[in-house]
Amino acid sequence: MKTPRRERREKLPPAPSSAPEPGSAKGDPERLYVITGGPDGGERAALDLVTMVVACSTPSPTVQPEQAAILRLCRAPLSVAEISAYLRLPFSVVTSLLTDLLATELVESRAPIVRAVLPDRSLLEAVMHGLQRL
């Protein structure tokens, strides 16, 4: 009696995928055009990479999926750069989405806190000497 042998299958080339990977916008300008709602160059909010964004409410069913993702991410304050990285979207697309959310008051943005300029050393010494005389 002969032992059955396994035959190896031929490897098939991977099938081309027509659906993009979730969150991947690389090489898909049509998707970015749809997300931003039109051509680049419209009025945008003055946001930079370190602007902090925080959500004011939970996402409603009427917002775009990317905007809903931003609202879920921004329960705690996040910078625009972090949002862009988490969503794997270009900065320009994220600023366009945030502009719409700011217009509808679903998010708030604030510039990062700049370290205050220290007072003059002579003023500090004068205050210290004044306190020591008391």
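Since this is a predicted model, take the numbers as computed values, not measurements.

> An account of the overall build of the protein is requested, with residue identities and associated values reported.
A count of helical and extended segments in the protein gives 5 helices and 3 strands. In the protein, the succession of α and β elements from N to C terminus is α-β-α-β-α-α-β-α. Sequence-distant contacts in the protein: of pairs separated by 6 or more residues, those separated by 24 or more amount to 65%. Summed over its atoms, the accessible surface of the protein is roughly 10900 Å², and 58% of this surface lies on carbon and sulfur atoms.

> Just give me the short version of the confidence of the model for the protein, but keep the residues and values in it.
Across the protein, the average pLDDT comes to 78, with 66% of residues at or above 70. In the predicted structure, residues 17–23 sits below a pLDDT of 50 and forms 5 contacts with residues beyond four places in sequence or in another chain.

> Now, about the packing of helix α2 (residues 65–73) against helix α3 (residues 80–87): what can you tell me, with residues and values included?
Running from N to C, α2 and α3 cross one another at 125°; their axes reach a closest spacing of 11 Å. One element, α2, and the other, α3, form an angle in the oblique class. Crossing of α2 against α3: the hand is right-handed. Touching E66, A69, I70 and L73 of α2 are I83, Y86 and L87, all from α3. Of the residues in the contact of α2 with α3, the class split is 6 nonpolar, no polar and 1 charged.

> So what's going on with unusual backbone geometry? Which residues, and what values?
Peptide bonds are mostly trans, and most non-glycine residues show a negative phi. For R88, which is not glycine, the phi torsion reads 55° and is therefore positive. Assignment of secondary structure puts R88 in the loop between α3 and α4 (91–103). Among the residues examined, R88 registers a relative accessible area of 54% and is labelled exposed. Backbone geometry places E105, a non-glycine residue, at a positive phi of 60°.

> Residue-level account of α4, with values.
In this model α4 runs 18 Å from its N-terminal to its C-terminal C-alpha over 13 residues, within 8% of the 18 Å that 1.5 Å per residue would give. Along α4, the positions that sit buried rather than exposed are V93, V94, T95, S96, L97, L98, T99 and L101. Within two residues after α4, E105 carries a phi angle of roughly 60°, on the positive side.

> Give me the lowdown on the nonpolar core, citing residues and values where you can.
A general trend in soluble globular proteins is that nonpolar side chains are found buried together. In this structure, V53, I70, C74, I83, L98 and L101 are the most contacted members of the largest nonpolar core, which totals 21 residues. Counting residues per element, the ones that place at least two in this core are β1 (52–55), α2, α3 and α4. The greatest single-element share of this core, amounting to 5 residues, is contributed by α4. For V53, the residues in contact, after removing those within four places along its chain, are C74, A76, P77, L78, V80, I83, L98, V107, E108 and S109.

> I'd like a rundown of the sheet that holds strand β3 (residues 107–110), residues and numbers included.
Backbone hydrogen bonds hold the strands of a sheet together, and the pairing may be parallel or antiparallel. The strand order across the open sheet built from 3 strands is β2-β1-β3, with neighbouring strands paired in antiparallel fashion. Edge positions in the open sheet fall to β2 (78–79) and β3, since each of these has one partner strand only. Bridging between β1 and β3 involves 4 bridges; their strand directions are antiparallel. Following the sheet pairing, V53 is matched in β3 by S109. Each of β1 and β3 is contacted by α4, which is oriented at about 110° to β3, the strand it contacts most.

Conventions used here
- Residues numbered from 1 in each chain as written.
- Predicted model: local features only at pLDDT ≥ 70, side-chain atom pairs only at ≥ 80, totals over all residues.
- Heavy atoms only, no water.
- Helix = DSSP H or I, 4+ residues; strand = E, 2+ residues; numbered from the N terminus.
- Contact = heavy atoms within 4.5 Å.
- Areas by Shrake-Rupley, 256 points an atom, 1.4 Å probe, with all protein chains shown as cover.
- pLDDT = per-residue confidence, 0-100.
- Axes fitted to C-alpha atoms, helices over the stretch in contact; angles between N-to-C directions.
- Parallel < 35°, antiparallel > 145°, perpendicular 65-115°, else oblique.
- Left-handed = near helix turned anticlockwise from the far one by under 90°.
- Nonpolar A, V, L, I, M, F, W, Y, C, P; charged D, E, K, R; others polar.
- Buried < 20%, exposed > 50% of the residue type's maximum accessible area, 1.4 Å probe, protein only.
- Expected span 1.5 Å × (residues − 1).
- Core = buried A, V, L, I, M, F, W, Y, C linked by side-chain atoms within 4.5 Å.
- Pairing = 2+ DSSP bridges.

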